[in-house]
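Residue-level listing of the chains:
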Amino acid sequence: MGRGERQASIGLSSPAWASRSLRRIHAAVAAATAATMAFLIKRPRVLHQSGLPEGDFHGDSCPSSSSTSILDLPDLALDDILSRLPADSLLRLGGVCQELRQRCKSGHFWESLVYEKWGEIAGPGAYREWCRNPVLESSPRKGRTAQEIAAKNACERPNCGWKLLWPSIAAACLWPLSVARERLMALRSKAPRPSDSLMAWYWALETGNLWFRGQVFNRENGHVGFLLSCYDAELSYVRSSDSFRARYPPHGPRALVMEDDISWERVRASPVQTPAHDLHTSDCLAELRPGDHIEVQWRRTKEFPYGWWYGIVGHSDSCSNAGNNSSRQHCSCQSDNTVWLVFNQFTSGSRWKRTPIDRVSHREEGNETDGYYGGIRKLRSKDEISMWERLWPVDILE
């Protein structure tokens, strides 16, 4: 039952005092939200008076004030306020005191923020990889933005690691050097490490400190040799230009290739878990019929990684509908063992226009002249198809 349905059912079946109580709760939450926003607006002034830069204030308690603290609000009202804050504000509020830091790190606040901005780009695989190896930038403090510093501090546990290490440092004056070193290393392993929380992952992505795996459409700024293709790459977000950097793995005689200023429209999370050099297992061959939209793996030589290329399923030359790939009337192509893949971005006489594959025993097919065709995946959603159609070249390719 949705939120509106729950409220409607309460209004129909509850007594009048319940409706009045519900209105009072909504009014209280609205008032608390207004008070909190006023508090956040005034907060930079408090930090300035304390001599601390914004994003670096991590005291054990909130700054003293004659007015009521935000922490005096009921948990329900406070959580409702925090759930409405954008990422920057939630991070800044987490720098006020230790208790707010713990609240603002909560995953249920960041889950919606992560999904809203990164859900279609950095998929679950990127988060699992981050959890296995959470890496934050270790560059010097100088030159880093307030958001980067605050994100790094907010991702660490409240207690400083030196509080765990100082007994061993003091004991080094009394113990033999080898014993002191062993004690120091044992306690250092217990020192705080960056958290693998959603908040930490969000800011590692937002600040560009994390390279994650994805795919890029029309790589190398739309080079004619890559039009209507999608290749694996490691991506990093550039916040200042709201774009991405990509580094493509070396292949054949080519070294590592870098590309900048990649727009959001040209980036996606990989729809399959197959590595770029491996053949994808095709699980849709039996159901393919003319008019279906597909992506097929293709590579120039066996030294190269596969890219995914867009095409459709066409009719055989003997079919009465040959030349009209959108028609399925009186068509028996689906029962043929040969499936024809058509790439309409090429002219009719191009050797890249059509290629046959075996429906029953398809593996990698091709040669050093025409390249090698690998696995096939059928596009089942309109969003995937429209993404390719938006990238359609202005001129037909040879």
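As shown above, the structure is provided for reference.
Residues numbered from 1 in each chain as written. Predicted model: local features only at pLDDT ≥ 70, side-chain atom pairs only at ≥ 80, totals over all residues. Heavy atoms only, no water.

Engineer: I tried to follow the overall build of the protein on my own but got confused; where do I start?
Structural biologist: The secondary structure content of the protein amounts to 13 helices and 11 strands. Here the protein holds 398 residues, and the buried ones make up 41% of them. Sequence separation of at least 24 residues holds for 62% of the intrachain contacts in the protein that already meet a minimum separation of 6. Of the accessible surface of the protein, which amounts to about 22500 Å², a share of 53% is contributed by carbon and sulfur atoms. (Helix = DSSP H or I, 4+ residues; strand = E, 2+ residues; numbered from the N terminus. Buried < 20%, exposed > 50% of the residue type's maximum accessible area, 1.4 Å probe, protein only. Contact = heavy atoms within 4.5 Å. Areas by Shrake-Rupley, 256 points an atom, 1.4 Å probe, with all protein chains shown as cover.)

Engineer: Sorry if this is basic, but what is going on with the pairing of strand S3 (residues 243-248) here?
Structural biologist: The two faces of the sheet receive side chains in turn, since in a regular strand these alternate between them. Sheet topology note: the strand S2 (residues 229-238)/S3 ladder contains 5 bridges and is antiparallel. Residue pairing for S3: Glu234 is matched across the bridge by Arg247. Hairpin connection between S2 and S3: a loop of 4 residues separates the two successive antiparallel strands, and Asp242 in this loop has a positive phi of roughly 50°. Here S3 runs beside strand S4 (residues 257-262); their pairing, made up of 4 bridges, is antiparallel. Bridged to Arg247 within S4 is Met258. (Pairing = 2+ DSSP bridges.)

Engineer: When you look at the state of the cysteines in this model, what are you seeing that I'm missing?
Structural biologist: Here a disulfide denotes a covalent bond joining the sulfur atom of one cysteine to the sulfur atom of another. Under the criterion given, the structure shown has 0 disulfides. With no disulfide partner, Cys333 has as its closest neighbouring cysteine sulfur the one in Cys331, 3.5 Å distant. A relative accessible area of 7% means that Cys333 is categorised as buried. (Disulfide = S-S within 2.5 Å.)

Engineer: Would you explain helix H6 (residues 107-118) in this entry?
Structural biologist: In an α-helix, one turn spans 3.6 residues, which is why side chains three or four residues apart end up on the same side. Along H6, the residues that are buried comprise Phe109, Trp110, Leu113, Val114 and Trp118. Within H6, the buried residues cover an arc of 120° as seen down the axis, which keeps them to one side. The exposed residues of H6 that point more than 90 degrees off its buried face are His108, Glu111, Tyr115 and Glu116. Buried residues in H6 make contact with helix H3 (75-83), helix H4 (87-93), helix H5 (98-104), helix H11 (198-206), S2 and S3. (Arc of directions from axis to C-beta.)

Engineer: Even after reading the chapter, I still don't get the nonpolar core, so can you show me in this structure?
Structural biologist: Side chains that are nonpolar tend, in soluble globular proteins, to be buried together. Trp110 and Trp201 are the most contacted members of the largest nonpolar core, which has 41 residues in total. In terms of residue count, H11 provides more of this core than any other element does, 8 residues in total. With near-sequence residues (within four places) excluded, Trp110 lies in contact with Ala87, Leu90, Cys104, Lys105, Leu198, Met199, Tyr202 and Trp203. In terms of nonpolar packing, the next biggest core, distinct from the first, is built from 20 residues, Leu227, Tyr231, Leu341 and Phe343 among them. (Core = buried A, V, L, I, M, F, W, Y, C linked by side-chain atoms within 4.5 Å.)

Engineer: How do you make sense of the packing of aromatic side chains when you look at a structure like this?
Structural biologist: Aromatic ring pairs are defined here through the distance separating the ring centres and the angle between the ring planes. Counted under the stated rule, the structure contains 17 aromatic pairs. Considering the side-chain rings of Trp118 and Tyr237, the 5.2 Å spacing of their centres and the 85° angle between planes classify their relative orientation as edge-to-face. Remark: Tyr237 occurs in strand S2 and Trp118 occurs in helix H6; sequence separation between them is 119 residues. Comparing Trp118 with Tyr237, the two get one shared label, buried. By the ring-pair criterion, three or more aromatic residues cluster together here, those being Phe226, Tyr231, Trp298, Trp309 and Trp352. (Phe/Tyr/Trp six-rings, centres within 6.5 Å; stacked < 30°, edge-to-face > 60°.)

Engineer: When you look at the packing of helix H7 (residues 124-132) against H11 in this model, what are you seeing that I'm missing?
Structural biologist: Two quantities define a packed helix pair, namely the angle between the helix axes and the distance between the axes. Relative to each other, H7 and H11 sit at 105°, their axes nearing to 11 Å. By the criterion of interaxial angle, the relationship of H7 to H11 is roughly perpendicular. Contacts between H7 and H11 involve Ala126, Tyr127 and Trp130 from the first element and Leu198, Ala200, Trp201 and Ala204 from the second. When its residues are assigned to classes, the contact of H7 with H11 shows 7 nonpolar, no polar and no charged. (Axes fitted to C-alpha atoms, helices over the stretch in contact; angles between N-to-C directions. Parallel < 35°, antiparallel > 145°, perpendicular 65-115°, else oblique. Nonpolar A, V, L, I, M, F, W, Y, C, P; charged D, E, K, R; others polar.)

Engineer: Whenever I open this one, the pairing of strand S8 (residues 338-342) confuses me. Can you help?
Structural biologist: Note: strand S7 (residues 307-314) against S8, 3 bridges, orientation antiparallel. Looking across to S8, one finds that Ile312 is bridged to Val342. Direction of pairing for S8 relative to strand S9 (residues 354-358): antiparallel, over a ladder of 5 bridges. Each bridged residue has a counterpart across the sheet, and for Thr338 the counterpart in S9 is Asp358.

Engineer: Where do I start with the side chain of Ser229 in this structure?
Structural biologist: Inspection of the secondary structure puts Ser229 in strand S2. A polar contact of 2.5 Å, which involves the side chain of Ser229, links it to the backbone oxygen of Phe226. Setting aside chain neighbours within four positions, we find Ser229 in contact with Val216, Phe217, Asn218, Trp308, Trp309 and Trp388. (Polar contact = N/O pair within 3.5 Å; in protein donor to acceptor, adjacent residues only side chain to side chain.)

Engineer: Can you help me understand the environment of Asn337 in this one?
Structural biologist: Secondary-structure assignment places Asn337 in the loop between S7 and S8. When neighbours within four sequence positions are excluded, Asn337 is seen to be in contact with Ile357, Asp358, Arg359 and Val360.

Engineer: Sorry, what's going on with the pattern of salt bridges here?
Structural biologist: A side chain of one charge can pair with a side chain of the opposite charge when the charged atoms of the two come close. All told, the structure shown has 19 salt bridges when counted by the stated rule. Here Glu364 makes a salt bridge to Lys302, at a shortest N to O gap of 3.6 Å. Placement of the pair is Glu364 in the loop between S9 and strand S10 (365-367) and Lys302 in the loop between strand S6 (293-299) and S7, with a sequence separation of 62 residues. Residue Glu384 is joined to Arg377 by a salt bridge in which the shortest nitrogen-to-oxygen separation is 2.9 Å. Residue classification places Arg377 among the buried residues on the basis of a relative accessible area of 12%. Here the salt bridges share partners, and the residues they tie into one network are Asp88, Lys117, Glu206 and Arg239. (Salt bridge = Lys/Arg side-chain N within 4 Å of Asp/Glu carboxyl O.)

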